[in-house]
Amino acid sequence: MISRIKVGISDYKVSGSPDVLMTLGLGSCVGIAVYDPKTRIGGLSHIMLPDSTPFSNRDLKPEKFADLAIPLMVSKITNGKFNIGLIAKIAGGASMFNFSELNMCSNIGERNVLAVKEKLKEMGIPIIASHTGGNIGRTMVVNLDTFEINIMTANREITKL
Amino acid sequence: MQLDIIKELTNIGGGNAATSISHLIDKPINMSVPTTEILNYDEIFEKIMPEDKMVTAIIMRMLGGCEGTFLFVTDEAASLDLINMMISNGIEINEELANSCIKELVNIVVTSFLNAISKMIDISFISSIPLLAKDMFGAILSSVYIESEQYDNSILIIKNEFIYQGDKIEASLYFIPKPGVLKKLFNKLGF
């Protein structure tokens, strides 16, 4: 039995082969798939913001932030053990409208991608493929049997990562 | 209480906007009771529209006393209907013309919405040019809320739906205020 598990905004899910993890409609958010090829256990996280520190005085949801969500998800994948041999693929971080035309661009998508890359580097997890930036929304479907990822965009094109 | 005030303002603004669409297409357009509800993203995609539904979206940024974003969301069929009603027969419609038509429609809708509001509240509105994107509803909605510095998981949905000849047109106008803007409006109104 293959379960198709949906990951919502500001959430992550972890499962094992042969399950499929998917998240729909990534805009400026970033989807981060981390996988252990030995155990074939992997996770998919849908973060909304790069950094939790400006929000530290608020009741925050760790799954929303790149800096908190990734370590939490990774420790669930490795069951708290060392994260040796993990690999990652990421997608998203778009700017859906040409906000710069209005002179009011916060570049949130770009900042999300940078924060994710930084965190993964810090944790020693290489990014082996990515599909980020631009002005298109993305849906990400992760096959935990092979760690093959399908990226669906608005023009109905499918890119394999 | 505050949600009721927002609802009333949205009702007045949306009513005026519906009238202006009617003038533009020369057909009666009505409006349903506005939605003013706090929902989380999962609920939004379940109740309002699935996150991977393709939509045509137009945004207009508000500056000045009322910072925020207007977001007009329609599907392909409805936007074609609206465009056909706006353009006289015999004119060939290409994509560029269609996009500029729908942007102009949103410009008029937002302006008339704001005119109605500014008659009640002494506040200045400055709006940007409209920007258009055709993409997945979820990608657009979340990005616009985040760009408006609305980072919570539960967000306030302020939305008008338009009705044509008794049928709902798949077209809605959202307003996404920047933090603190609604409080400023309430103060102006004396609440």
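Residues numbered from 1 in each chain as written. Chains lettered and ligands numbered in written order. Predicted model: local features only at pLDDT ≥ 70, side-chain atom pairs only at ≥ 80, totals over all residues. Heavy atoms only, no water.

The name that an unreviewed UniProt entry assigns to chain B is Chemotaxis protein CheC, with the source organism given as Paratissierella segnis.

An unreviewed UniProt entry lists chain A under the name Probable chemoreceptor glutamine deamidase CheD, with Paratissierella segnis as the source organism. UniProt lists a comment for chain A under the heading Sequence similarities (unreviewed entry), and it reads "Belongs to the CheD family." Entered under Function (unreviewed entry) in the UniProt record, the comment concerning chain A runs "Probably deamidates glutamine residues to glutamate on methyl-accepting chemotaxis receptors (MCPs), playing an important role in chemotaxis." (UniProt positions renumbered as here; feature names shortened; annotations may be inferred.)

J.: In this structure, what is going on with the packing of helix α1 (residues 2-25) of chain B against helix α6 (residues 181-189) of chain B? I would like to understand it.
T.: When two helices pack together, their arrangement is given by the angle between the helix axes and by the axis-to-axis distance. Residues and elements named next belong to chain B. The contact between α1 and α6 brings their axes to 11 Å, and the two run at 85°. Relative to α6, the element α1 is oriented roughly perpendicular. In this structure, α1 contributes Gln-2, Ile-5, Ile-6 and Leu-9 to the contact, and α6 contributes Leu-182, Phe-186 and Leu-189. Of the residues in the contact of α1 with α6, the class split is six nonpolar, one polar and no charged. (Axes fitted to C-alpha atoms, helices over the stretch in contact; angles between N-to-C directions. Helix = DSSP H or I, 4+ residues; strand = E, 2+ residues; numbered from the N terminus. Parallel < 35°, antiparallel > 145°, perpendicular 65-115°, else oblique. Contact = heavy atoms within 4.5 Å. Nonpolar A, V, L, I, M, F, W, Y, C, P; charged D, E, K, R; others polar.)

J.: Hey, could you run me through the interface of chain A and chain B in this one?
T.: For an interface, size is often stated in terms of accessible area lost upon the parts coming together. Between chain A and chain B, the contact holds 35 residues from the first and 30 residues from the second. Surface buried jointly by chain A and chain B totals about 2,600 Å² across both partners, of which 67% is contributed by carbon and sulfur atoms. At the junction of chain A with chain B, the criterion picks out one salt bridge. In this structure, Glu-51 of chain B and Lys-6 of chain A form a salt bridge, with 3.2 Å as the shortest nitrogen-oxygen distance. Taken together, the links from chain A to chain B amount to five residue pairs in polar contact (both at pLDDT 80 or more). Those elements that provide at least two residues to the side of chain A that touches chain B are β3 (20-26), β8 (138-143) and β9 (148-153) of chain A. Residues of the side of chain A that touches chain B, tallied by class, amount to 16 nonpolar, twelve polar and seven charged. (Buried area = accessible area lost by both parts, 1.4 Å probe. Salt bridge = Lys/Arg side-chain N within 4 Å of Asp/Glu carboxyl O. Polar contact = N/O pair within 3.5 Å; in protein donor to acceptor, adjacent residues only side chain to side chain.)

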